[in-house]
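What follows is each chain in one-letter form.
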Amino acid sequence: MAISKVTRRRVLALLGSQSMLLRTVWPFGSAPADRTGDGAGADDPSGERSYPQTSAEAAARIAPSNLAYMPGDPRRYGAVGDGLTDDSAAFNRALRVEQNVTAHPGLTYLVTALLATIENQVITATGATLKQKASTNRPMLVLNAARICVRGGVWDGNSGNQSGSPIDQYGHQAVAINADDCSVEDIVSLNSFGLGIAGHHCNRARIARNRIIAARVTGIYLESLQANAAGNVIED
């Protein structure tokens, strides 16, 4: 009996109407390559989605502790988001990678101090709350590299559980801008023991559409004691 050559057309003909159930029939030996080597999600044997370590994480020497979360999600690096566990270390691990960072909506991250040192990084907290740990005499987030953008979120300074002199209060801020061309947009600074948003010797900062509620000292503070601060913009 002659054996017919198997082709894609013949496979579809044999399947008939059942071929409509196939997503794609690839020619033999030409299946697409697996794109999971640099952060693209893959299905692991448990049926969960998995996001392997990215090249940026490897370069920063950051090993994710939970691959079920996408790169840039603080939970990938150990954050809990229950408002009780100190998530500072996990959040800072996310910030140390050359990537954008997104706090998951609906969660509350308890933090002492966060430091952003990657230029052009976008930090999004829309729908999330970051709450400062009690007895913390420092800013919640410091921007130490140019062109970082902070967007959204409630930044709760937890002023009822802070202490210090009037001078100490100037060390408490939701966001401290220490570099040029940074922006803070659409955040709610709540219950700051000192300042809402502060710019320290920075140029061309953009502070836009933020709400400052119950700051003990002042809402927005820009200083230039050691250098000229030029081109800073505050928008409603």
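Above this text is the structure in question.
Fair warning: this is a prediction, and the values are worked out from it, not measured in the lab.

### Examining unusual backbone geometry
A negative phi angle characterises most non-glycine residues, just as the trans form characterises most peptide bonds.
Here is step 1 of the chain: One non-glycine residue, S135, lies in positive phi territory at about 55°.
Here is step 2 of the chain: Relative to the helices and strands, S135 is located in the loop between β8 (129-132) and β9 (141-143).
Here is step 3 of the chain: The phi torsion at D181 lies on the positive side, around 65°, for a residue other than glycine.
Here is step 4 of the chain: Tracing the backbone through its elements, the reader meets D181 in the loop between β12 (173-177) and β13 (183-185).
Here is step 5 of the chain: With a relative accessible area of 30%, D181 lands in the partly exposed category.

### As for the state of the cysteines
Here is step 1 of the chain: Applying the stated criterion across every chain, the model contains zero disulfides.
Here is step 2 of the chain: For C149, which is in no disulfide, the shortest distance to another cysteine sulfur is to C182 and amounts to 9.0 Å.
Here is step 3 of the chain: On the basis of relative accessibility, which here comes to 7%, the residue C149 falls in the buried class.
Here is step 4 of the chain: With no disulfide partner, C182 has as its closest neighbouring cysteine sulfur the one in C202, 7.5 Å distant.

### Topic: the nonpolar core
Here is step 1 of the chain: One finds Y109, L130, L141, L143, W155 and I177 to be the most contacted residues of the largest nonpolar core, which totals 38 residues.
Here is step 2 of the chain: Elements supplying a minimum of two residues to this core: α3 (88-95), β5 (108-111), β6 (114-116), β9 and β12.
Here is step 3 of the chain: Take this core: its biggest share by element is four residues, from α3.
Here is step 4 of the chain: Those residues in contact with Y109, other than ones at most four positions away along the chain, are P74, R75, A79, G81, D87, F91, A103, H104, A128, T129, L130 and K131.

### Section: the pairing of β5
Here is step 1 of the chain: The sheet contact formed by strand β3 (residues 82-86) and β5 spans two bridges and is parallel. Among the inter-strand pairings, D86 is bridged to a residue of β5, identified as L110.
Here is step 2 of the chain: Judged from the four bridges that link them, β5 and β8 form a sheet pairing that is parallel. By the bridge assignment, T108 is partnered in β8 with T129.

### Points about the pairing of β8
Put simply, side chains in a regular strand alternate between the two faces of the sheet.
Here is step 1 of the chain: Burial of β8 is one-sided: the residues L130 and Q132 facing one way are buried, the residues T129 and K131 facing the other way are not.
Here is step 2 of the chain: In terms of strand pairing, β8 meets strand β11 (residues 154-156) through three bridges, oriented parallel. The residue bridging L130 from the neighbouring strand is W155, located in β11.

### Quick word on the sheet that holds β6
Here is step 1 of the chain: What the five strands build is an open sheet, ordered β6-β9-β12-β15-β18; its pairing is parallel. At either end of the open sheet lies a strand with only one pairing partner, and these are β6 and β18 (218-223). Ignoring which end each strand starts from, the neighbouring axes of this sheet average 10° apart.
Here is step 2 of the chain: Bridging between β9 and β12 involves three bridges; their strand directions are parallel.

### Some words on the environment of V188
Here is step 1 of the chain: Examined against the element boundaries, V188 turns out to sit in strand β14 (residues 188-190).
Here is step 2 of the chain: Residue V188 is classed as buried on the basis of its relative accessible area of 18%.
Here is step 3 of the chain: V188 sits 36 residues away from G152 along the chain, and the two C-alpha atoms are 7.2 Å apart.
Here is step 4 of the chain: Residues within four places of V188 in sequence aside, it is in contact with G153, V154, W155, R211 and I213.

Analysis parameters
Residues numbered from 1 in each chain as written. Predicted model: local features only at pLDDT ≥ 70, side-chain atom pairs only at ≥ 80, totals over all residues. Heavy atoms only, no water. Helix = DSSP H or I, 4+ residues; strand = E, 2+ residues; numbered from the N terminus. Buried < 20%, exposed > 50% of the residue type's maximum accessible area, 1.4 Å probe, protein only. Disulfide = S-S within 2.5 Å. Core = buried A, V, L, I, M, F, W, Y, C linked by side-chain atoms within 4.5 Å. Contact = heavy atoms within 4.5 Å. Pairing = 2+ DSSP bridges. Axes fitted to C-alpha atoms, helices over the stretch in contact; angles between N-to-C directions.

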